[in-house]
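# Close look at the chain arrangement
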Amino acid sequence: MPQPKYARESLVTMTEMVLPNDTNTLNNLMGGRLLHWMDICAAISAQKHSNRIVVTASVDNVSFSEPIKLGNIVTMQAKVTRGFNSSMEVNIEVWAEDIPAGTRVSTNRAFYTFVAVDQNGRPIEVPPVVPETEAEHDLYASALRRRQLRLVLAGRMKPNDAKELRALFGVEN
Ligand SMILES: CC(=O)SCCNC(=O)CCNC(=O)[C@H](O)C(C)(C)COP(=O)(O)OP(=O)(O)OC[C@H]1O[C@@H](n2cnc3c(N)ncnc32)[C@H](O)[C@@H]1OP(=O)(O)O
């Protein structure tokens, strides 16, 4: 198994400016453009953790809580929460900043799952994550339940095997 790595080693910060080509008819950032930027930022984080080529396996819990305006500065921060076998979960958070107005608001959050692959595109083992901060510990613990939920919904895990998820709902095995 690859050597464990600290969660902080996978931290990636990416910044973009919202230009006219990125917006809808309301002059707000298009959701699809933002998801594209988030995918790149999160993929770099997963690459840093695994030192491998990675592919996006799934995206979940994407929220769009605030519109992002033309001319805003978008900052994305991604970090691997947990490594499983060949897959890793990445937490990504997004903020929009209006520099002339001096405001910065939290706008989006999502969990991406990436799979590390070898040169032939076959899944390959990734290092375990070592959480350090309280937030990293919380995300590490809850990553197992999120993995079970997404695999159950994708038809890749039997609900009966999702022990930690069932426990959350008070369902005994
Ligand atoms: C950065 C980019 O944008 S890449 C472009 C977009 N992404 C792609 O093209 C990926 C296309 N998909 C694939 O290549 C394959 O489906 C893969 C590599 C993701 C998975 O391949 P599979 O043959 O299903 O491999 P396998 O069954 O061994 O699963 C490998 C891992 O993927 C995980 N996985 C597979 N499907 C999903 C899913 N829907 N959600 C979350 N994890 C998944 C599995 O849980 C497993 O994780 P683990 O090794 O940590 O236990």
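Just so it is clear, the model here is predicted, and its values are computed rather than measured.

On to the side chain of T113. Mapped onto the elements of the fold, T113 is located in strand β6 (residues 103–117). Residue classification places T113 among the buried positions, given a relative accessible area of 7%.

With that settled, the discussion passes to the environment of L26. Within the fold, L26 resides in the loop between β2 (12–17) and α1 (31–50). Look at L26 and you get exposed, because its relative accessible area is 63%. Each C-alpha atom of the pair L26 and A110 lies 24 Å from the other, and the pair is 84 residues apart in sequence.

A few words now on a nonpolar patch on the surface. A cluster of nonpolar side chains, contributed by L35, V59, V62 and F64, occupies part of the molecular surface with about 300 Å² of accessible area. Per-element tally for the nonpolar patch: the top contributor is strand β3 (residues 53–64), with 3 residues. Given the relative accessible area of 30%, L35 is considered partly exposed.

With 9 bridges connecting them, β3 and β6 associate as antiparallel partners. Its bridge partner lying in β6, S58 is registered against T113. Sheet topology places strand β5 (residues 87–98) next to β6; 12 bridges connect them, and they run antiparallel. Opposite I92, over in β6, you have A110 as the bridge partner. In sequence, β5 turns back onto β6 through a hairpin of 4 residues, with G102 there showing a positive phi of about 70°.

Around the ligand sit 18 residues in total, of which T56, N85, S86, S87 and R156 are the nearest. D39 places a side-chain nitrogen or oxygen 3.2 Å from an oxygen atom of the ligand. At a separation of 3.0 Å, a nitrogen atom of the ligand approaches a polar backbone atom of T56. Burial of the ligand by the surrounding chains reaches 59%, relative to a free accessible area of 1000 Å². Among the elements that make up the shell around the ligand, the one with the highest residue count is β3 (5 residues). Each residue belonging to the shell around the ligand can be placed in one class, and the counts come to 8 nonpolar, 6 polar and 4 charged.

Under the UniProt annotation, the feature "domain: HotDog ACOT-type" (unreviewed entry) is placed at residues 8–120. Secondary structure over residues 8–120 splits into 18% helix and 50% strand, and the C-alpha atoms at its two ends are 29 Å apart.

Conventions adopted
Residues numbered from 1 in each chain as written. Predicted model: local features only at pLDDT ≥ 70, side-chain atom pairs only at ≥ 80, totals over all residues. Heavy atoms only, no water. Helix = DSSP H or I, 4+ residues; strand = E, 2+ residues; numbered from the N terminus. Buried < 20%, exposed > 50% of the residue type's maximum accessible area, 1.4 Å probe, protein only. Patch = residues over 30% accessible without salt bridge, like charges linked within 9 Å, V, L, I, M, F, W, Y side chains within 5 Å. Areas by Shrake-Rupley, 256 points an atom, 1.4 Å probe, with all protein chains shown as cover. Salt bridge = Lys/Arg side-chain N within 4 Å of Asp/Glu carboxyl O. Pairing = 2+ DSSP bridges. Near = heavy atom within 4 Å. Polar contact = N/O pair within 3.5 Å; in protein donor to acceptor, adjacent residues only side chain to side chain. Nonpolar A, V, L, I, M, F, W, Y, C, P; charged D, E, K, R; others polar. UniProt positions renumbered as here; feature names shortened; annotations may be inferred.

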